[in-house]
Amino acid sequence: MPTVRTHPVRGLGAKIRWPSQIPLFKTTNAAASSSAARGGSVVVERSSRRERMAEKKGRTEMEVRPDGVAVIAVANPPVNALSIDVFYSLKDNYEEALRRNDVKAIVVTGKEGVFSGGLDINTFGVIQRNKAEQLNDYLPIDTMASTLEAAGKPSVAAIDGFALGGGLEISMVCQARISTPTAELGLPELQFGVIPAFGGTQRLPRLVGLTKALEMMLLSKTIKAEEAHQLGLVDAIVSPDDLLDMACRWALDICESRRPWVHTLSRTDKLESPDEVREILKVARAQVQKQSTNLQHPLLCIDVIEEGIVSGPRAGLRKEAIVFQDLVFTDTCKSLVHVFFSQRAAPKVPGITDIGLMPRQVAKVGIVGGGLMGSGIATALMLSHYPVILKAVSEKSLNAGIDRIKANLQSQVRKGKMTEEEYEKTLSLLTGVVGYESFKDVDLSVVEDVNVKQQVFADLEQYCPSHCVLATNTSTIDLDLIGGKTNSQDRIIAHVMPLLEIVRSKRTLPQVVVDLLDVGKKIKKTPIVVGSCTGFAVSRMFTSYTETALLLVDCGMDVYKIDQVCTEFGMPMGPFRLLDLVGFGVALASRMQYPENSSVSVNKSMLVPLMLEDKRTGEASQKGFYKYEGNRKAIPDPDIIKYVQKSRSMARIMPDNELLKLDNKEIVDMVFFPVINEACQVLSEGIAIKASDLDVASILGMGFPQCRGGIMYWADSIGAKRIHAKLSEWERKYGQFFKPCSYLSERAEEGVPLSAAKNNANAHL
Ligand SMILES: C[C@H](O)CC(=O)SCCNC(=O)CCNC(=O)[C@H](O)C(C)(C)COP(=O)(O)OP(=O)(O)OC[C@H]1O[C@@H](n2cnc3c(N)ncnc32)[C@H](O)[C@@H]1OP(=O)(O)O
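Residues numbered from 1 in each chain as written. Predicted model: local features only at pLDDT ≥ 70, side-chain atom pairs only at ≥ 80, totals over all residues. Heavy atoms only, no water.

**Q** Before we go on, may I ask you to explain the packing of aromatic side chains in this structure?
**A** Centre-to-centre distance and the angle between the planes together describe a pair of aromatic rings. All told, the structure shown has 20 aromatic pairs when counted by the stated rule. Look at phenylalanine 340 and phenylalanine 341: their rings are 5.2 Å apart centre to centre, the planes differ by 80°, and that puts the pair in the edge-to-face class. On the numbers, 5.7 Å between centres and 70° between planes, the contact of phenylalanine 569 with phenylalanine 704 is edge-to-face. Residue phenylalanine 569 is located in helix α22 (residues 559-569), and its partner phenylalanine 704 is located in the loop between α28 (691-702) and α29 (711-718); the two are separated by 135 residues in the primary sequence. Comparing phenylalanine 569 with phenylalanine 704 shows no difference in burial state: the two are buried. (Phe/Tyr/Trp six-rings, centres within 6.5 Å; stacked < 30°, edge-to-face > 60°. Helix = DSSP H or I, 4+ residues; strand = E, 2+ residues; numbered from the N terminus. Buried < 20%, exposed > 50% of the residue type's maximum accessible area, 1.4 Å probe, protein only.)

Structural data, given as structure tokens:
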């Protein structure tokens, strides 16, 4: 039991205000009279209400039990998001509960097994569109800060399912939290480029300690009920059937002084000593600066937490409000909200997911080949409880595949994500075979070699039942080519990691796509559905990225400068470090797959082939564009210049061997505008059906910075006109690699955003 300061005097119905209560936000609420009395912003209140009426969404429901506990439940399916309407309803219910003499205590909960998924993310848009100067113009947050916390009746949160963001924050204002074993709690606000704004920055450290609170906020990491209980964030865990009764009993116990009245903000017992706090904050700042150079909000979050510890929680809350208010208007917040909704929109495929098809149950998955990808896919499936049959050509390669899967699972154990017992249980889902006999009802994945795949699919057709989905893992090869030797082209589909790029040929059945979307969700991948062509969506954009970088080097730019600028832009690694990682052999083989004269194959840089001739193959051989001395640290290699010079002399792009000189911004434009061009081409060919799918694909498939919203969103922030003008200029100077595609040219001319819905005449889907 933590040491807590109990509230000194509590009388039923008494309304005790904190003496030092500082209005965090401008006061507005449903009761115009109280707003006016306190000088609240009535004018803004009216306009916010108007928008609120237009978007009416969700409410809370209150029931007063015979034992005198008012149970207030958020009802806003599917995740009980805290919309503006929910907030006003919560406030109204709370005020009623506090007024009523038959109510002794309050329990806050959520309907349908979810406490709350936090602030309704659409609210960010409402605030931005209305340029609200105060968050409280839209949300009566004083409900929490003054009414709920300072109320004369205790509140207990009954948490089932998710308690995230504003949801967890509301629960932390309560005097206790009771949860079910499957509850998940977290403050993932930073994933939207903002910080918690309902006091989370102040209350979480006081409940779980600074180190854990920083980890949860900076990494947007949720924790399960068991851990939350150990940390003291959750006071008791009970079954879903007992949740409400237990929470009500707990609330009455507090009310009748059988349990302490805990004020989260008054607690200091979980906070580390001042010296430790200083050290923890220093380390956190250093890590954030190293990992997210482009982002200001993680550092601001640390500042706000520090303010609360150094100057007291009220000062912390004040700073939290100011910082949130600034952050919500940043491009980063707008981009990240766009990414959130784009990811949710990705699995919605017109003509496939809206025609009433239900996913068929996938009971068993067969995987052909236990190489790097095969074993990785097997691991992902087993972690989501799918039984897997792994088939290899020999006992030796089978054992190697099984060992890879074991190593993958062991790393989960090492990271503390899995116990030894869970490891054994997960491993028991795996069966290794060398023949096809056990392939009765399975999906499949094979290694990336077009001849092998053709044969494997032809073999599988003999053994698998007719309902079986034949799936392949590939990053480049056209599906029609793989299916060339079968009569089952309507059952073939591809799977690329880490994003699940579900590639369907014109003959893939909608039911198969629906099945795969379901499996994708279960193995916690974000799926996008694309049409078939060489490279699909991700590899085409990816190849464009690396090919442009190679071309820039042939024009005179420095390899390491390009990498540095791209990482500063937010890519996890520059194109040359990435080529080292992928391996030159794979990169070249993938380049060869593109048809002659396709937009990505017109660059003929000899830089990679020249290096390959000298057995420089990338990181695997410890020598690529960088040197690697036994570890993964990439060290620039002065020897590179001889290959660069030779490649330049063969390419002869620049007149009189002049060297191209660009500043950082120009490098970014010149590397990424061709990627935008390729994305436009992919969209115009109907390989992708919506621009937001390419945003998701670019972020999850090639590491495009999330905070820029994805390739198409970023492109629209620049404007089609400027991109088109630049590409045309470079086409004139450096060749047809930069030629803008007709989709881009038309949109530039018409002034239409690149992401605006298009006429899908060419659609491959
Ligand atoms: C001021 C405050 O401090 C600020 C905040 O509270 S910011 C918000 C913090 N909350 C979050 O970050 C949680 C965001 N949501 C999630 O992470 C996940 O949706 C979840 C873990 C809650 C549920 O995941 P899952 O079960 O896979 O369902 P998922 O497909 O993501 O969502 C289901 C639907 O709910 C919607 N949704 C989820 N959370 C939402 C939210 N907070 N607001 C609005 N809609 C939300 C999704 O858009 C989706 O809608 P759709 O069916 O129309 O596509």
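**Q** Explain unusual backbone geometry here, please?
**A** Trans is the prevailing form of peptide bonds, just as negative phi is the prevailing case for residues other than glycine. In this chain, proline 77 is followed by proline 78 through a cis amide linkage whose omega measures 5°. Its place among the elements puts proline 78 in the loop between β2 (69-75) and α3 (84-99). One non-glycine residue with positive phi stands out, namely asparagine 80, at about 55°. Among the secondary structure elements, asparagine 80 is positioned in the loop between β2 and α3. In this structure asparagine 80 comes out as buried when scored by relative accessible area, which is 2%.

**Q** Honestly, the UniProt feature "domain: 3-hydroxyacyl-CoA dehydrogenase C-terminal" (unreviewed entry) in the protein chain in this entry has me stumped. Any pointers?
**A** In this numbering, the UniProt entry assigns the feature "domain: 3-hydroxyacyl-CoA dehydrogenase C-terminal" (unreviewed entry) to residues 535-628 and 667-751. Measuring from the first to the last C-alpha atom of residues 667-751 gives 25 Å, for a span that is 73% helix and 0% strand. (UniProt positions renumbered as here; feature names shortened; annotations may be inferred.)

**Q** Would you mind going over the site of the ligand with me for this structure?
**A** Within the structure, the ligand sits among 25 residues, and Gly166, Glu169, Glu189, Arg344 and Lys348 are positioned closest to it. Contact between the ligand and isoleucine 121: a nitrogen atom at 2.9 Å from a main-chain N or O atom of the residue. The contact in question runs from an oxygen atom of the ligand to an N or O atom on the side chain of lysine 521, over 3.4 Å. Contact with the protein chains covers 77% of the free accessible surface of the ligand, which is 1,000 Å². Only β5 (162-164), α6 (166-173) and α14 (331-345) provide two or more residues apiece to the shell around the ligand. If one sorts the elements of the shell around the ligand by residue count, α14 sits on top with three residues. Here the shell around the ligand is composed, by residue class, of 14 nonpolar, five polar and six charged. (Near = heavy atom within 4 Å. Polar contact = N/O pair within 3.5 Å; in protein donor to acceptor, adjacent residues only side chain to side chain. Areas by Shrake-Rupley, 256 points an atom, 1.4 Å probe, with all protein chains shown as cover. Nonpolar A, V, L, I, M, F, W, Y, C, P; charged D, E, K, R; others polar.)

**Q** Looking at this model, I keep getting lost on helix α23 (residues 575-582). Mind explaining?
**A** Think of an α-helix as 3.6 residues a turn; residues three or four steps apart then line up on the same face. α23 sits mainly inside the fold: six of its eight residues count as buried. All of the buried residues in α23 are Pro575, Phe576, Arg577, Leu578, Leu579 and Asp580.

**Q** How should I be thinking about the side chain of histidine 297 in this particular structure?
**A** Positionally, histidine 297 belongs in helix α12 (residues 297-311). Setting aside chain neighbours within four positions, we find histidine 297 in contact with Leu190, Gly193, Val194, Ile195, Leu327 and Thr332. (Contact = heavy atoms within 4.5 Å.)

**Q** What's the story with the pattern of salt bridges in this structure? I'm lost.
**A** Opposite charge on two side chains permits pairing when their charged atoms draw close. Applying the stated rule across the entire model yields 31 salt bridges. Between aspartate 102 and arginine 100 there is a salt bridge, and its shortest N-O distance comes to 2.8 Å. Owing to a relative accessible area of 29%, arginine 100 belongs among the partly exposed residues under this scheme. Of the charged contacts in the structure, one is a salt bridge between lysine 212 and glutamate 215, with a shortest N-O distance of 3.3 Å. Here lysine 212 and its partner glutamate 215 are both found in helix α8 (residues 210-218), three residues apart, which amounts to about one turn of the helix. Take lysine 212: its relative accessible area is 13%, and that puts it in the buried class. Residue glutamate 215 is classed as partly exposed on the basis of its relative accessible area of 25%. (Salt bridge = Lys/Arg side-chain N within 4 Å of Asp/Glu carboxyl O.)

**Q** Would you mind showing me how to read the packing of α8 against α12 here?
**A** A pair of packed helices is captured by two measures, namely the crossing angle of their axes and the spacing between those axes. Their axes nearest at 11 Å, the elements α8 and α12 cross at an angle of 150°. As summarised for this structure, α8 and α12 are arranged roughly antiparallel, according to the angle between their axes. Considering how the two elements wind past one another, α8 and α12 form a crossing that is right-handed. Here Leu210, Leu214, Met217 and Leu218 of α8 lie close against α12, whose contacting residues are Pro298, Cys301, Ile302, Ile305 and Ile309. (Axes fitted to C-alpha atoms, helices over the stretch in contact; angles between N-to-C directions. Parallel < 35°, antiparallel > 145°, perpendicular 65-115°, else oblique. Left-handed = near helix turned anticlockwise from the far one by under 90°.)

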